[in-house]
Amino acid sequence: MPTALLVLLWFGLVNASPRVAGNQPAAKNLNHRQDNAPSVIKVEPPSWWAKHTINPVRLLVRGKNLQGARVRSSNPSLQTSAVLVNRSGTYLFVNVSINQGVRPGSYPLTLVTATGTATIPFTIEEPLKTNTHFQGITTADVIYLIMPDRFADGDQSNNIPPGAPPAATDRKNSRAYHGGDLRGVINRLPYLKELGVTALWLTPWYDNWNGVNQCDKPWCPNTYYHGYHAVDYYAVEDHFGDMTTLRELVEKAHGLGIKIIQDQVANHVGSQHPWVKDPPLDNWFHGTLAQHSLNKFRNSSLLSPHANQAEVRNTLDGWFSDDLPDMNQEEPEVARYEIQNSLWWLGMTGLDGVRQDTIQYMPRFFIRDLSNALQRQYPRMWMVGEVFERDAAQTAYFIGGRVGWDGIDTKLDSVFDFASWNTSLLVFTNKSPMRALRDQLKYDALYPDPQKITNLANNHDTTRFMSLDDATMEGAMMHVAYTLSLRGTPQIYYGEEIAMEGKGDPDNRRDFPGGFPGDTRNAFTSAGRTTREQKMFEWTRAWIRLRAEHPALRQGRLIDLFYDDDAYVFAREIQTETVIVAFNRDGAEKKLTLPLDAMGFRDGAELSPLIGTSVRSRVANGQAILNIPPKTAVVYIAR
Ligand SMILES: [Ca+2]
Ligand SMILES: [Ca+2]
Ligand SMILES: [Ca+2]
């Protein structure tokens, strides 16, 4: 950060009088009072809470003619300070201290310049109950990833929002909006309850640009139906619904014992964001639309103590793509804005967890500060970071619980296990030996607590299992079973439970059959599913149920019992229960001898099957002999 800015920020903290960012003096044209009168366009956050761990809250006000502005509160319960106005007079920052006993309601602030006054609307919200909201995610959960646009259209009235071009909504274009929305998710909650999942991760619901990108490339025309190009961090995408619908989703999901995870994207915004043409501060982004570096994705430079700073800076500051301006979290105003924004969504909706997009491209101190802020306000809150790396050393470096070589503990609750996911895909399509699963899991040694890892079966950026080369139904079933029986918290991807196909983005984001008007069948019901779909649905549901019924599968220590080219057997053990999970990908039944005396089982102990076989076994001479059927996964409970 430039020294000049540091001085400016310090000045702001000790002096509540107005000041101007940059060198240009405040405008004073009294002859054109009306033309130059200040106006307020947007306030972020528009609301906050009394007794919040963040107090004062810092508002970012977008407007016109804000030069030289002062901000005052007519209610003595709110006090303003530390005003900062940007060079062009289009943005104003102001601290608002909120007294403990302030009641919920409207508390507008008054903005005063030499040319007039304007109102800054601001409200104090009633806090949501902490015992029924902000629940966090644990290994007892099974997460289900939904891309709202592609799951179910529950409200056709929002398919072409006011002012949006009709061409942006076109189910024949895999890169256009298809009409799915929050109401669709609400309508399908009973289906999700039937499947047994306990948490929904929805891809971002921030408001994105409604336009259609045109170009002469194969990926045009395209839209931001996926939600990763925010143009408003404080609004719900108008194709998906509104804040009222979002709150209804959270409440109805909670009523069924299902948690909600928000996909937050602090690393970048969409290139149509108003900030891009007129940033709140000169250093709000890393570079400008016209002049910026592109991320070369030399991600391992973020891990290595030996990396040169040019590589590190490019990986942190380079734009993810030319249309994703990179936020500069090293500017404290940016970091503060983003931390407040994260907390605002949680406070407004009562949701239970956060998935943070592209987290490794943000400074580690920011990950730490964000994690700390979430925990401070909501002690059970949970955040999982996307570190899309097949190298466990890289993912483990970003999880919290240990101070890295840089002196930082990110405090991050969880990361996705892309390494085990990748190994499982290779193993269950017969490209790697079964022992590769165990060989990968030995690197759990890199994690402070392997139970905190999130196991993805797939996601919206990866080829669906059934579209991989050499994929088989048996392989897909073993892959899902592995994801659901491994240590950590499992996460599956919508459609996986019916063995949906789909190659790379956007083919892996096909519409869920039955979720859209005019669909010829409804795979949300057993009657509408094909034989293959029903088989996968029943299998997935059975493994989710097993997990719910057996604490050893949720919390147990994982112990390797056998591994070779075609089989892998492990135990999940807690004090009161031991289950044994066995995978055999061979075309023939496999007879395995397991050393159960090493686990404290005496001769005569019984292994009763829970899924995949009906044959019992007993421990004799310290060993159990299991006959594992071909191309499947089985679970026994040992007593
Ligand atoms: Ca719709
Ligand atoms: Ca929109
Ligand atoms: Ca970045």
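Numbering of residues starts from 1 in every chain and runs along the sequence as written. Written order determines the labels here, with chains lettered from A and ligands numbered from 1. Confidence filtering applies because this is a predicted model: local features only for residues at pLDDT of at least 70, side-chain atom pairs given and counted only at 80 or more, and all residues used for totals across whole chains, interfaces and linings. Neither water nor hydrogens contribute to the side-chain values; these are computed over all heavy atoms in the structure.

**Q** Explain the packing of aromatic side chains here, please?
**A** Pairs of aromatic rings are described using the distance from one ring centre to the other and the angle between the two planes. Stacked, tilted and edge-to-face are the three classes assigned to paired rings of Phe, Tyr and Trp, where Trp is represented by its six-membered ring and a pair needs centres within 6.5 Å; plane angles under 30 degrees give stacked, over 60 edge-to-face, the rest tilted. One pass over the structure, following the stated rule, counts 43 aromatic pairs. Their ring planes at 50 degrees and their centres at 6.0 Å tell us that tyrosine 233 and tyrosine 337 sit as a pair that is tilted. Of this pair, tyrosine 233 sits in strand β14 (residues 230-236) while tyrosine 337 is found in helix α8 (residues 332-349), placing the two residues 104 residues apart along the sequence. Tyrosine 337 carries the same exposure label as tyrosine 233, and that label is buried. Here a strand is any run of E in DSSP of at least two residues, a helix any run of H or I of at least four, and the numbering for each starts at the N terminus. Using a 1.4 Å probe on the protein chains alone, a residue whose accessible area is under 20% of its type maximum counts as buried, one over 50% counts as exposed, and one in between counts as partly exposed.

**Q** What is the right way to read the sheet that holds strand β1 (residues 39-44) from this model?
**A** In any sheet, the strands associate via hydrogen bonds between backbone groups, in a parallel or an antiparallel arrangement. Pairs of strands are assigned from DSSP output, requiring at least two bridges between the strands. Strand order in this open sheet of four strands is β1-β3-β6-β5, and the pairing throughout is antiparallel. The sheet is open, and its two borders are formed by β1 and β5 (78-85), each paired with just one other strand. Averaged over all neighbouring strand pairs, the angle between strand axes comes to 30 degrees, with direction disregarded. Of the strand pairs in this sheet, strand β3 (residues 57-64) and strand β6 (residues 91-98) are connected by six bridges, and their pairing is antiparallel. Structural elements are reduced to axes, namely lines fitted to C-alpha atoms, with helices fitted over the stretch in contact, and the angle between N-to-C directions of any two is expressed from 0 to 180 degrees.

**Q** Any chance you could explain the side chain of histidine 229 here in plain terms?
**A** Summarising the element assignment, histidine 229 is placed in the loop between β13 (206-208) and β14. Judged by relative accessible area, histidine 229 falls into the buried class, the value being 7%. Each residue touching histidine 229, except ones within four places of it in the same chain, is listed here: Asp207, Asn208, Trp209, Tyr224, Val269, Gly270, Asp323 and Leu324. The contact criterion used throughout is that any non-hydrogen atoms of two residues lie within 4.5 Å.

**Q** Quick question: what am I supposed to make of the coordination of the calcium ion (ligand 2) here?
**A** Ideal coordination angles are 109.5 degrees for a metal with four donors arranged tetrahedrally and 90 or 180 degrees for a metal with six donors arranged octahedrally. Taken together, the protein donors to the calcium ion (ligand 2) comprise Asp207 (OD), Asn208 (O), Asn210 (OD1), Glu237 (OE), Glu237 (OE) and Asp238 (OD), at separations of 2.3 to 2.7 Å. We call an atom a donor if it is N, O or S and sits within 2.8 Å of the metal, or 3.2 Å for Na, K and Ca. Water is not counted, so some sites may look partial. Here the metal geometry follows the donor angles, with tetrahedral for four donors whose angles all fall between 85 and 135 degrees, square planar for four and octahedral for six when opposite donors are more than 155 degrees apart and every other angle is between 65 and 115, and irregular for all the rest. Classification of the site at the calcium ion (ligand 2) rests on its six donor atoms, whose angles at the metal span 48 to 177 degrees, yielding the label irregular. The sequence pattern describing where the donors of the calcium ion (ligand 2) fall on their chain is D-N-x1-N-x26-E-D. For asparagine 208, a relative accessible area of 2% gives the class buried. The buried category is assigned to asparagine 210, whose relative accessible area is 15%.

**Q** Before we go on, may I ask you to explain the pairing of strand β22 (residues 567-574) in this structure?
**A** Successive residues of a regular strand alternate their side chains across the two faces of the sheet. Burial within β22 is extensive, with seven of its eight residues counted as buried. The loop that links strand β21 (residues 557-563) with its antiparallel partner β22 comprises three residues. One ladder, built from eight bridges, connects β22 with strand β23 (residues 577-584); its direction is antiparallel. Bridging across to β23, alanine 571 finds its partner in isoleucine 580. Once β22 ends, the chain turns through two residues before running back antiparallel as β23.

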